[in-house]
Amino acid sequence: MKLDKQLLLDMYGRMLRIRKFELKVEELHLRGILPGLKHLYIGEEAVAVGVTFNLREDDYIGSTHRGHGHLIAKGGDVKIIMAELYGKKTGYCKGKGGSMHIADINIGILGANGIVAANIPIVGGAALSAKLRGTDQVAVSFFGDGGANEGMFHEGVNLASVWKLPAIFICENNQYAISTSQSKATAIPNIADRAKSYGIPGFTVDGMDVLAVYEITGEAVARAREGKGPTLVECKTYRFKGHYVGEGSRELSYRSREELKKCQEKCPIQKFKWTLTKEGILTEGLAEKINRQIDKELEEAIKFAEESPYPSPEDALEDLFFEEET
Ligand SMILES: Cc1ncc(C[n+]2csc(CCOP(=O)(O)OP(=O)(O)O)c2C)c(N)n1
Ligand SMILES: [Mg+2]
């Protein structure tokens, strides 16, 4: 394998951190400890990690309602994310935003976003800003197969192409928008084929293969940095859990147990672990060490969140934008 061994191990560790974080969130939610709505990223880890490992700290990402994986992949602090999910004052939004509003401008995370596809024009704006400032920063938008049918997708991708913006559009095609399968809502099988109509390159890639995602998005990032404009990359992936935590067995009304089982067998983390083991890069001992280190980080994050205070009632009046009456 051509890539640096430490980089590959870091990719593995980052995917596992996302997976274990999400499993903890699921557990804490189902025990009634975490408030609010959460959409888990389990099964899709190779996409966020494959993409963001091509990015610098000062590059931008725009995320979705299913955003924890993007935030952790881009370097978000699990302690502060966890505190936000607990609704605590030490969280990214001081406990007032929750899962779907987490942002960290200092490391280019423009925010999770509960409005499907709404980060596409925001990312377009960040890319325009980088271009006007003459930097070589790039901006990445993550959105789903459902998001690709929103007007904001068509408007945003078209304008980014016309203005040759340094943007990369990552469609996380997990085959469902809530309970609607892609085939019931989209006339073509490969969303990347739409790139042609905007005059930009489009690629469909196996989103369960972190190295495939890393390679193709590496090319897209290089193109964007060189001023050659945007690229659309469709990552075929699958969400292993329900649309939101608490959906329970209702998911079986739109997908079968057999389908779930077959897709879960393609676990991106397990697959990458096998590859690294076969190449002699990852040993059982090292895997266990990484595992324990993540468990410790998560324990500390939960302790930090639990011991943090809730915002006070007066805090509700802070961080607002309003105009003085004249
Ligand atoms: C503009 C808008 N329309 C509808 C919704 C309700 N909604 C929340 S998630 C979702 C499905 C999104 O599907 P997709 O883009 O494929 O993302 P996934 O959940 O599969 O990651 C919908 C319709 C919303 N939040 N925003
Ligand atoms: Mg989807």
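Provided above is the structure to which this section pertains.
Below is a summary of the structure that appears in this document. (Residues numbered from 1 in each chain as written. Chains lettered and ligands numbered in written order. Predicted model: local features only at pLDDT ≥ 70, side-chain atom pairs only at ≥ 80, totals over all residues. Heavy atoms only, no water.)

Quick word on the coordination of the magnesium ion (ligand 2)
Stage number 1. Looking at the magnesium ion (ligand 2), the protein donor atoms are D145 (OD), N174 (OD1) and Y176 (O), and they sit 2.1 Å from it.
Stage number 2. Considered as a linear motif, the donors of the magnesium ion (ligand 2) on their single chain read D-x28-N-x1-Y. Here Y176 lies in strand β4 (residues 176–177) and D145 lies in the loop between β2 (139–144) and α6 (151–162), a separation of 31 residues in the sequence. Each member of the pair D145 and Y176 is classed as buried. (Donors = N, O, S within 2.8 Å, 3.2 Å for Na, K, Ca; no water. Helix = DSSP H or I, 4+ residues; strand = E, 2+ residues; numbered from the N terminus. Buried < 20%, exposed > 50% of the residue type's maximum accessible area, 1.4 Å probe, protein only.)

Some details on the site of ligand 1
Stage number 1. Within the structure, ligand 1 sits among 15 residues, and H65, R66, G114, G146 and N174 are positioned closest to it.
Stage number 2. Take G114: an N or O atom from its main chain is 2.8 Å from a nitrogen atom of ligand 1.
Stage number 3. Out of a free accessible area of 580 Å², ligand 1 has 73% covered by protein chains.
Stage number 4. Judged by its atoms lying within 2 Å of the grid points, ligand 1 is housed in the largest pocket.
Stage number 5. The residue makeup of the shell around ligand 1, split by class, is 5 nonpolar, 7 polar and 3 charged. (Near = heavy atom within 4 Å. Polar contact = N/O pair within 3.5 Å; in protein donor to acceptor, adjacent residues only side chain to side chain. Areas by Shrake-Rupley, 256 points an atom, 1.4 Å probe, with all protein chains shown as cover. 1 Å grid on protein atoms, 1.4 Å probe; cavity = no way out; pocket = protein on both sides within 12 Å on 5 of 7 lines; lining within 4 Å. Sits in = over half its atoms within 2 Å of the grid points. Nonpolar A, V, L, I, M, F, W, Y, C, P; charged D, E, K, R; others polar.)

Quick word on the packing of helix α1 (residues 5–30) against helix α9 (residues 210–225)
Stage number 1. The N-to-C vectors of α1 and α9 enclose an angle of 115 degrees; their axes lie 12 Å apart at closest approach. In terms of orientation, α1 lies roughly perpendicular with respect to α9. Where α1 crosses over α9, the two elements pack in a sense that is right-handed. Of the residues in α9, those in contact with L7, L8, M11 and M15 of α1 are V210, L211 and Y214.
Stage number 2. Residue composition of the contact of α1 with α9, by class: 7 nonpolar, no polar and no charged. (Axes fitted to C-alpha atoms, helices over the stretch in contact; angles between N-to-C directions. Parallel < 35°, antiparallel > 145°, perpendicular 65-115°, else oblique. Left-handed = near helix turned anticlockwise from the far one by under 90°. Contact = heavy atoms within 4.5 Å.)

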